[in-house]
Amino acid sequence: SMDYLEPWLMGHPISANIGVNLWSGDSIGVRFDRYLGLNWQPNFNISLGSSLKLENLRLPENYFTARSYKSIWIAVKGSVDYLDRTWNPSKGIYFSTMSSTGIRRHTSSNSKESWTLHRDQIDLHYITDLYKKMLISHFNKIDDLRGENLSYIDLIPIGGINSLRGYIEGRNSVKGVY
């Protein structure tokens, strides 16, 4: 990933970011994203934003052919942050939500088929003191993806960095979407 952030555009609490992201999952496929975003932060605790993302997917179909797709995503997001510190917080609450819609199509020249995808994400992180140097940290994440022709890359992996049990990232995955 590579990202550039320009804070305080023209003296206003608006920031712009532009970036690229390349993700490769061994036998799963490759995703290459380019994105542009704007965020407005009216105070230190509230942030509202939108973004535009161009996505290229290359998925293995079998040993001789591969499927390729292009997508364009538009997203709106917001967050409320009342954690006492950004790094290693000891109390407070953080809530964020994002809703995005995308159009995906095959990149082959003989296919004009396209379809719409929609994703909603909600994150909630709550930390409170329990006793002296003990605290409770509670983290919830909701991720909903709807659409036709979802690929394995689109599915939500279970386990990884935010897992209490410390699973290897992407080791367990969702088998389907309902």
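Refer to the structure presented above.
Calculation rules
Residues numbered from 1 in each chain as written. Predicted model: local features only at pLDDT ≥ 70, side-chain atom pairs only at ≥ 80, totals over all residues. Heavy atoms only, no water. Helix = DSSP H or I, 4+ residues; strand = E, 2+ residues; numbered from the N terminus. Buried < 20%, exposed > 50% of the residue type's maximum accessible area, 1.4 Å probe, protein only. Contact = heavy atoms within 4.5 Å. Core = buried A, V, L, I, M, F, W, Y, C linked by side-chain atoms within 4.5 Å. Patch = residues over 30% accessible without salt bridge, like charges linked within 9 Å, V, L, I, M, F, W, Y side chains within 5 Å. Areas by Shrake-Rupley, 256 points an atom, 1.4 Å probe, with all protein chains shown as cover. Salt bridge = Lys/Arg side-chain N within 4 Å of Asp/Glu carboxyl O. Phe/Tyr/Trp six-rings, centres within 6.5 Å; stacked < 30°, edge-to-face > 60°. Lys NZ or Arg CZ within 6 Å of the ring centre and 35° of its normal. 1 Å grid on protein atoms, 1.4 Å probe; cavity = no way out; pocket = protein on both sides within 12 Å on 5 of 7 lines; lining within 4 Å. Points joined across faces, edges and corners; volume = space filled by probe spheres on them. Nonpolar A, V, L, I, M, F, W, Y, C, P; charged D, E, K, R; others polar. Pairing = 2+ DSSP bridges.

A. Region of the structure containing the overall build of the protein chain. Within the protein chain, the regular secondary structure consists of 0 helices and 10 strands. Along the protein chain, helices (α) and strands (β) appear in the sequence β-β-β-β-β-β-β-β-β-β when read from the amino end. The burial tally for the protein chain puts 25% of its 178 residues in the buried class. For the protein chain, the share of sequence-separated contacts (at least 6 apart) that also reach a separation of at least 24 residues comes to 39%.

B. Region of the structure containing the nonpolar core. If you look at the biggest cluster of nonpolar residues, it comprises 8 residues: L57, L59, Y69, W73, W115, L117, L145 and I153. Broken down by secondary-structure element, the contributors of at least two residues to this core are strand 4 (46-60), strand 5 (66-81) and strand 7 (114-131). If we skip the residues at most four places from it in the chain, W115 touches Y69, G102, I103, R104, H106, E148 and N149.

C. Representation of a nonpolar patch on the surface within the structure. A cluster of nonpolar side chains, Y4, I18, L36, L52, L54, I72, I74 and I103, forms an exposed patch at the surface whose accessible area comes to about 740 Å². Residue assignment for the nonpolar patch shows that the elements contributing at least two residues are strand 4 and strand 5. For I74, a relative accessible area of 55% translates into the label exposed.

D. Representation of the packing of aromatic side chains in the model. Scanning all chains against the criterion turns up 1 aromatic pair. An angle of 75° between the planes, with centres 5.8 Å apart, marks the rings of Y69 and W115 as edge-to-face. Of this pair, Y69 sits in strand 5 while W115 sits in strand 7, placing them 46 residues apart in sequence. For the pair formed by Y69 and W115, the shared burial category is buried. In this arrangement the basic side chain of R31 is found over the ring face of W23, its NZ or CZ atom lying 5.7 Å from the centre.

E. Representation of the layout of surface pockets within the structure. As a volume, the second largest pocket reaches approximately 250 Å³. Class assignment for the residues of the lining of the second largest pocket results in 4 nonpolar, 4 polar and 3 charged.

F. Just the pairing of strand 2 (residues 14-25), in detail. In this structure, strand 1 (residues 2-6) lies alongside strand 2, joined through 5 bridges in antiparallel fashion. When the bridges of strand 2 are listed, D3 appears paired with G19. In the sheet, strand 2 pairs with strand 3 (residues 29-40) via 12 bridges, with the strands oriented antiparallel. Each bridged residue has a counterpart across the sheet, and for I14 the counterpart in strand 3 is W40.

G. Highlighting the side chain of S15. Positionally, S15 belongs in strand 2. Using a relative accessible area of 15% as the deciding quantity, one classes S15 as buried. If we skip the residues at most four places from it in the chain, S15 touches L5, E6, P7, W8, G37, L38 and N39.

H. Up close: unusual backbone geometry. Even without a glycine there, the phi angle at W8 is positive, about 50°. When you line up the elements, W8 lands in the loop between strand 1 and strand 2. One non-glycine residue, M10, lies in positive phi territory at about 50°. Structurally, M10 is set in the loop between strand 1 and strand 2.

I. Highlighting the pattern of salt bridges. Enumeration over the complete set of coordinates arrives at 9 salt bridges. Between R119 and D143 there is a salt bridge whose closest N-O contact spans 2.9 Å. On the criterion of sequence distance, the pair formed by R119 in strand 7 and D143 in strand 8 (residues 134-147) is long-range, its members being 24 residues apart. On the basis of relative accessible area, R119 is assigned to the buried category, the value being 18%. Within this structure, R31, D33, K53, E55 and R104 form a network of salt bridges that share partners.

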